[in-house]
Amino acid sequence: MSARALEQLVREALTPLTPRRWLLCLSGGVDSSVLLALCARTAPALGAELITVHVHHGLRPSADTDS
């Protein structure tokens, strides 16, 4: 799947969400980083405020250095 197709899929999934304040919990891994990038691009286009929270699962040794 191309990055453009993935971004469109995310936009379609997030468009119906209300209220327009999104809380995104991130672990700092690759999947969280991709999700953050997609949501950061999509939120302004949909008039949404994006709030992020770091969740430390203790699964990656490098998690202590995540900010």
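Below you will find a few notes about this structure. (Residues numbered from 1 in each chain as written. Predicted model: local features only at pLDDT ≥ 70, side-chain atom pairs only at ≥ 80, totals over all residues. Heavy atoms only, no water.)

**Quick word on helix α1 (residues 3–14)**
- In this model, α1 (twelve residues) spans 16 Å end to end at C-alpha, consistent with the 16 Å of a helix rising 1.5 Å per residue.
- For α1, every residue scored as buried is listed here: Glu7, Val10 and Leu14. Down the axis of α1, the sector holding all buried residues measures 60°, keeping them to one side. More than 90 degrees from the buried face of α1, the exposed residues found are Arg4 and Ala13. (Helix = DSSP H or I, 4+ residues; strand = E, 2+ residues; numbered from the N terminus. Expected span 1.5 Å × (residues − 1). Buried < 20%, exposed > 50% of the residue type's maximum accessible area, 1.4 Å probe, protein only. Arc of directions from axis to C-beta.)

**Side note on the side chain of Thr42**
- Mapped onto the elements of the fold, Thr42 is located in helix α2 (residues 30–45).
- A relative accessible area of 0% places Thr42 in the buried class.
- When near neighbours in sequence (up to four residues on either side) are disregarded, Thr42 contacts Val10, Arg11, Leu14 and Trp22. (Contact = heavy atoms within 4.5 Å.)

**Observations regarding the pattern of salt bridges**
- All told, the structure shown has two salt bridges when counted by the stated rule.
- Measuring nitrogen to oxygen at the nearest pair gives 3.0 Å for the salt bridge that ties Glu7 to Arg41. Of this pair, Glu7 sits in helix α1 while Arg41 sits in helix α2, and the two are 34 residues apart along the sequence.
- For Glu7, a relative accessible area of 15% translates into the label buried.
- For Glu49, the salt bridge goes to Arg21, with nearest N and O atoms at 2.8 Å. On the criterion of sequence distance, the pair formed by Glu49 in strand β2 (residues 49–54) and Arg21 in strand β1 (residues 21–26) is long-range, its members being 28 residues apart. (Salt bridge = Lys/Arg side-chain N within 4 Å of Asp/Glu carboxyl O.)

**What to know about the pairing of β1**
- Where burial is concerned, the two faces of β1 differ: the one with Trp22, Leu24 and Leu26 is buried and the one with Arg21, Leu23 and Cys25 is not.
- Taken together, β1, α2 and β2 constitute a β-α-β crossover, and its handedness is right-handed. (Right-handed = clockwise from strand over helix to strand, strands pointing away.)

**Some points on the pairing of β2**
- Pairing analysis gives six bridges linking β1 to β2, with the strands arranged parallel. Bridge assignment links Trp22 to a residue of β2, and that residue is Leu50. (Pairing = 2+ DSSP bridges.)

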